[in-house]
Amino acid sequence: MKVTKGMVHPDLQKSFGGLSAFTFMSKRSWFRNFTSYLGNKMLAGKNIDGLKCEERFVDSSDGTYRIRTRIYRPSDVGNSEKLPAFLYIHGGGYITGNPESAHAVIERFIETRPCVVVAPDYRKAGTQPFPAGFNDCYDILLWIKANATELGVRDDRVIVGGHSAGGGLTAAVTLKARDTGDVQVAFQLPIYPMIDDQQPNDPAREIATPVWDTEMNTIGWNAYLADLHSAGREIPAYAAPARNPDYTNFPPTITFVGSLEPFYRETQDYVAALKAADIEVAYKEYPGCFHAFDFFGTPISKDAQSFTYDSYADFYDRYL
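Residues numbered from 1 in each chain as written. Predicted model: local features only at pLDDT ≥ 70, side-chain atom pairs only at ≥ 80, totals over all residues. Heavy atoms only, no water.

Explain the environment of valine 153 to me, and be specific about the residues and the numbers.
When you line up the elements, valine 153 lands in strand β5 (residues 153–163). Of the residues examined, valine 153 reaches a relative accessible area of 1% and is grouped as buried. Ignoring anything within four residues of it in the chain, the contact list for valine 153 reads Lys82, Leu83, Pro84, Ala85, Val116, Ile144 and Ala148. (Helix = DSSP H or I, 4+ residues; strand = E, 2+ residues; numbered from the N terminus. Buried < 20%, exposed > 50% of the residue type's maximum accessible area, 1.4 Å probe, protein only. Contact = heavy atoms within 4.5 Å.)

Here it is in structure tokens:
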């Protein structure tokens, strides 16, 4: 389906042309490489004013990588007070991004309810495909629990969340935590998650829209699953969480999605599967909204942000 300007929510129509041009350019590998380089050059290592920020390097479980990990704490909390830990996983289609690109989100979570956000700069698919990035995120979840005393966080329950590909990794990390029992996840926030590798091959879900469309989705999934595809191996649910058939004992979940983006149907299906397993879900759909619309400062964007942080505050108060 080709999305036209008139199909988009009125709040987002002003940015339609510019975002469409950006999406067109993002389909070129040189442009993605350039923007990734620029993002790392300009953002990596920057702090958030008003928060205690630090950087650690954590050895990966495969022994081949040191995971650059950012830690953000409220500045007005005493050292003896143990806060909930929040594993926040940044987005970027599995192929780009860094924790610093999510500073506005991280700051708002901490302002809404005090927590220690731990954000890994996991390996992207262009460096090493699945399972590297997934393992990095899960390694940091285990590292949080093992180092809870030093980090000043509770070790009994952890929040896990992220947007887009970060939402997909959230769903995957939560799934493995459920399967292994390694860590108790208090609740998860897989926001418009990238979880279904079969979307790009489904004509009924083909969509051309700003920011992230089916063509970009194909690029992301092909990169992330490259080693599995080349080996002819079956795609596991830890790589594409929509393939998970069992949602029993999942933690409470918060998510939302726009109706004009590739992840619309898969988010709907994910929510339905959770609810069928009697898992509490705070969920909202936004008609006429494309991918990542909540970052554009419009009234509909602010509504989605309010839904996110209000739901987070509610779940925090009840589950932590």
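Outline the pattern of salt bridges, supporting the account with residue identities and numerical values.
For the coordinates displayed, the defined rule picks out 25 salt bridges. Ionic pairing is found between aspartate 213 and lysine 27, a salt bridge with its closest N-O pair at 2.7 Å. Taken together, the positions of aspartate 213 in the loop between β6 (185–191) and α7 (214–224) and lysine 27 in the loop between α1 (16–26) and α2 (29–43) put the pair 186 residues apart, joining distant regions of the chain. Of the residues examined, aspartate 213 reaches a relative accessible area of 4% and is grouped as buried. (Salt bridge = Lys/Arg side-chain N within 4 Å of Asp/Glu carboxyl O.)

Tell me about unusual backbone geometry, and please be specific about residues and values.
Comment: phi is negative for the bulk of residues other than glycine, and the bulk of peptide bonds are trans. For the bond running from phenylalanine 130 to proline 131, omega is 15°, close enough to zero to count as cis. Secondary-structure assignment places proline 131 in the loop between β4 (116–121) and α4 (132–146). Positive phi values are uncommon outside glycine, yet asparagine 249 reaches one of about 65°. Relative to the helices and strands, asparagine 249 resides in the loop between α8 (226–231) and β7 (253–258). Asparagine 249 gets classed as exposed once you look at its relative accessible area, which sits at 66%. A positive phi angle, close to 60°, is found at alanine 292, a residue other than glycine. Within the secondary structure, alanine 292 sits in the loop between β8 (281–286) and α10 (299–319).

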